[in-house]
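This is what each chain is made of:
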Amino acid sequence: MRDDEVKKNIYKCSRCALCQGVCPVYDEVKNENSTARGKLMQIWGLKKGELKLNRKILQSLDLCLNCEKCRLNCPSGVDTTGVFNAEKKLSFTGKILTSDFVFNLKMSALRLFSFFKKTPVYNKSSDILYFEGCISKELKNKLVIHGVKLKNGNFKCCALPYLTKGRVDIYNEIAAFNESIIENARLVVFDCATCFSAVRNYPFKNPKNRSKLIFYTDIYKNFPLEAKKPAVVSYHMPCHMNSAGKKLTEVEEILKEIKNIKYKRLENPEYCCGFGGDFFIRHPKIALSLSFKKARDIIETNPDIVLTSCPTCLWSLRFSLFVYKIMHGLAKTPAAMDMAEFLNKHCMPYKSTDNLKNDPQNNCKDCTQKELVKM
Ligand code: SF4
Ligand code: SF4
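Note that the structure is predicted; figures quoted are calculated from it, not measured.

Once that is clear, we can look at the overall build of the protein chain. Looking only at helices and strands, the protein chain features 21 helices and nine strands. Residue burial in the protein chain is summarised as follows: out of 375 residues, 39% are buried.

As structure tokens, this is what we get:
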């Protein structure tokens, strides 16, 4: 975002404070400086020369999960997170710490968790590409969708970690690289809400490329699935599902349609899990408090399994449920699982998916599913 666009966005803010009511960080720290309005006013003060950049301002600008709830709920249409990302000014050391090299180093540390796992094999001839996020790549998780042949697109990182750290230079480079792969694909399938949201927001050179991006849940709409064992499931909605334009009800419809499954909605299914990229490393106290709120909600709802669609959310759920269990001496807590993995491993189609093509009940609007499923 250019400087004039930053200013235009700050002008648009009517200071209504609606962003305060949706900000998970404000919910914890109860400090106006942590809200989008507070951050925008500090940036404005800096731009006008009325404020001088100091440690306190830097700290409050850093107090952000990048959950995008303020942007999505702003009645004046202020691109809050766009302004925050544009205004991250990095020192020389900051530039080194946010470099490609350091990011790859951090990511490779994850390999320790999957040292003995085999690298997944994908179909080499398909023109439907899988966007494998950095965490999935390091943890070697394979995306399998019933009846769909996927080829690994060998994309780079979605680039959101660079954008949110103010490295627009690296972000633009990666976005251009990834777009060159999307250009030659028929469709690109995502299983991580954050990657999906980030890539959808790329400044595409060819805007048609955006319409090739789908989330795996699009394929499972009205899909005839049956769980291998009866189970009660709940769903934690990652914040970036909303910023990617997905609604909770879309996911719920899929889960409610599965035979043998009872869906139970959490009290606050869209409340942030608190981990947000590396926020939990930078602000562990706030992150843990938010993730324990989520764990409490899950335990009170008491499903057998809680599902989600983002690897960072999944970590947060597993970690907080584990710690909650120890702290409260519980015999058992619900299992947390990636929803794509659950649909693949614990469910199966109960009729041939060939029939989907002619099934009058299958009212898949964009026909993505009908085109893709070849069983
Ligand atoms: S919701 Fe939007 S307009 Fe209202 S204070 Fe927050 S940023 Fe400003
Ligand atoms: S992106 Fe989320 S955490 Fe950051 S200011 Fe907006 S609502 Fe708060």
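Let's pick the thread back up.
Each full turn of the α-helix corresponds to 3.6 residues, which orients residues three or four apart in the same direction. Its 17 residues give helix 19 (residues 311-327) an end-to-end C-alpha distance of 24 Å, which sits within 8% of 24 Å, the value for a rise of 1.5 Å per residue. Inspection of helix 19 places P311, T312, C313, L314, S316, L317, S320 and L321 among the buried residues, and these make up the whole buried set. Those residues of helix 19 that are buried lie in contact with helix 10 (134-139), helix 13 (193-200), helix 18 (284-301), strand 7 (305-308) and strand 8 (335-338). Among the residues trailing helix 19, G329 stands out with phi positive, at a value near 60 degrees.

Before going further, it helps to examine the site of ligand 2. Residues in close proximity to ligand 2 total 14 residues, the closest being C23, C64, L65, C67 and C70. Sorting the residues of the shell around ligand 2 by element identifies helix 3 (24-29), helix 6 (69-73) and helix 7 (80-86) as the ones contributing at least two each. Each residue belonging to the shell around ligand 2 can be placed in one class, and the counts come to nine nonpolar, three polar and two charged.

With that settled, the discussion passes to the nonpolar core. Grouped together as the largest cluster of nonpolar side chains are 93 residues, with contacts concentrated most on F131, A159, V189, F190, F196 and Y216. The residues touching V189, leaving out its near neighbours within four places in the chain, are I128, Y130, F131, L150, I214 and Y216.

Let us look at the pairing of strand 7. Where strand 5 (residues 225-235) lies against strand 7, three bridges are found, and the strand directions are parallel. Considered in strand 7, the bridge of V233 is made with I305. Here strand 7 runs beside strand 8; their pairing, made up of four bridges, is parallel. In the sheet register, L307 faces strand 8, and the bridge partner there is M337. Taken together, strand 7, helix 19 and strand 8 constitute a β-α-β crossover, and its handedness is right-handed.

What follows is about the sheet that holds strand 4 (residues 213-215). In spatial order, the strands read 2-1-3-4; together these four strands make up an open sheet with parallel pairing. Among the strands making up the open sheet, the edge pair consists of strand 2 (151-152) and strand 4. As defined by bridge partners, strand 3 (residues 187-190) adjoins strand 4 across three bridges and the pair is classed as parallel. Opposite F190, over in strand 4, you have F215 as the bridge partner. The sheet strands contacting helix 13 are strand 1 (128-131), strand 3 and strand 4, and the helix crosses strand 4 at an angle near 155 degrees.

Here the focus is the site of ligand 1. Surrounding ligand 1, one finds 15 residues, the nearest of these being C13, C16, C19, R37 and C74. Looking at the shell around ligand 1, the elements with two or more residues in it are helix 2 (18-22) and helix 4 (36-48). By residue number, the principal contributor to the shell around ligand 1 is helix 4, which donates three residues. In terms of residue class, the shell around ligand 1 is built from ten nonpolar, three polar and two charged.

Angle between the axes and distance between the axes: these two values describe a pair of packed helices. One can describe the packing of helix 18 onto helix 19 by two numbers: an axis separation of 9 Å at closest approach and a directional angle of 75 degrees. Classified by the angle between their axes, helix 18 and helix 19 sit roughly perpendicular to one another. From helix 18, S291, F292, K294, A295, I298 and I299 reach across to helix 19, where they touch S316, L317, F319, S320, L321 and Y324. Broken down by class, the residue content of the contact of helix 18 with helix 19 amounts to eight nonpolar, three polar and one charged.

Below, the discussion takes up the packing of helix 4 against helix 5 (residues 55-62). Contact pair helix 4 / helix 5: the axes reach a minimum separation of 10 Å and the direction vectors enclose 140 degrees. Regarding the angle of helix 4 to helix 5, the classification is oblique. Crossing hand, helix 4 versus helix 5: left-handed. Contact with helix 4, carried on its side by G38, K39 and Q42, involves I57, S60 and L61 of helix 5 and no other residues of that element. Here the residues of the contact of helix 4 with helix 5 sort into two nonpolar, three polar and one charged.

The next point concerns the confidence of the model for the protein chain. When pLDDT is averaged along the protein chain, the result is 87, and 89% of the positions lie at 70 or above. When pLDDT is averaged over each element of the protein chain, strand 7 comes out on top at 97 and helix 21 (residues 368-372) at the bottom at 56. Here residues 358-367 is modelled with pLDDT under 50, and outside its nearest four sequence neighbours on either side it reaches nine contacts, counting other chains as well.

The alternating pattern of strand 3 places L187 and V189 and V188 and F190 on opposite faces, both of which are buried. You can see the chain leave strand 3, run along helix 13 and come back into strand 4, and the turn it takes is right-handed.

Here the focus is the environment of L213. Tracing the sequence through the fold places L213 in strand 4. Accessibility expressed as a C-beta count within 10 Å gives 22 for L213, which makes it buried. For L213 and I182, which are 31 residues apart along the polypeptide, the C-alpha to C-alpha distance reads 8.5 Å. Ignoring sequence-local partners within four residues, the contact set of L213 consists of V188, F190, F196, V199 and R200.

About the criteria used
- Residues numbered from 1 in each chain as written.
- Chains lettered and ligands numbered in written order.
- Predicted model: local features only at pLDDT ≥ 70, side-chain atom pairs only at ≥ 80, totals over all residues.
- Helix = DSSP H or I, 4+ residues; strand = E, 2+ residues; numbered from the N terminus.
- Buried ≥ 20, exposed ≤ 12 C-beta atoms within 10 Å, placed from the backbone.
- Expected span 1.5 Å × (residues − 1).
- Contact = placed C-beta atoms within 7 Å.
- Near = placed C-beta within 6 Å.
- Nonpolar A, V, L, I, M, F, W, Y, C, P; charged D, E, K, R; others polar.
- Core = buried A, V, L, I, M, F, W, Y, C linked by C-beta atoms within 7 Å.
- Pairing = 2+ DSSP bridges.
- Right-handed = clockwise from strand over helix to strand, strands pointing away.
- Axes fitted to C-alpha atoms, helices over the stretch in contact; angles between N-to-C directions.
- Parallel < 35°, antiparallel > 145°, perpendicular 65-115°, else oblique.
- Left-handed = near helix turned anticlockwise from the far one by under 90°.
- pLDDT = per-residue confidence, 0-100.

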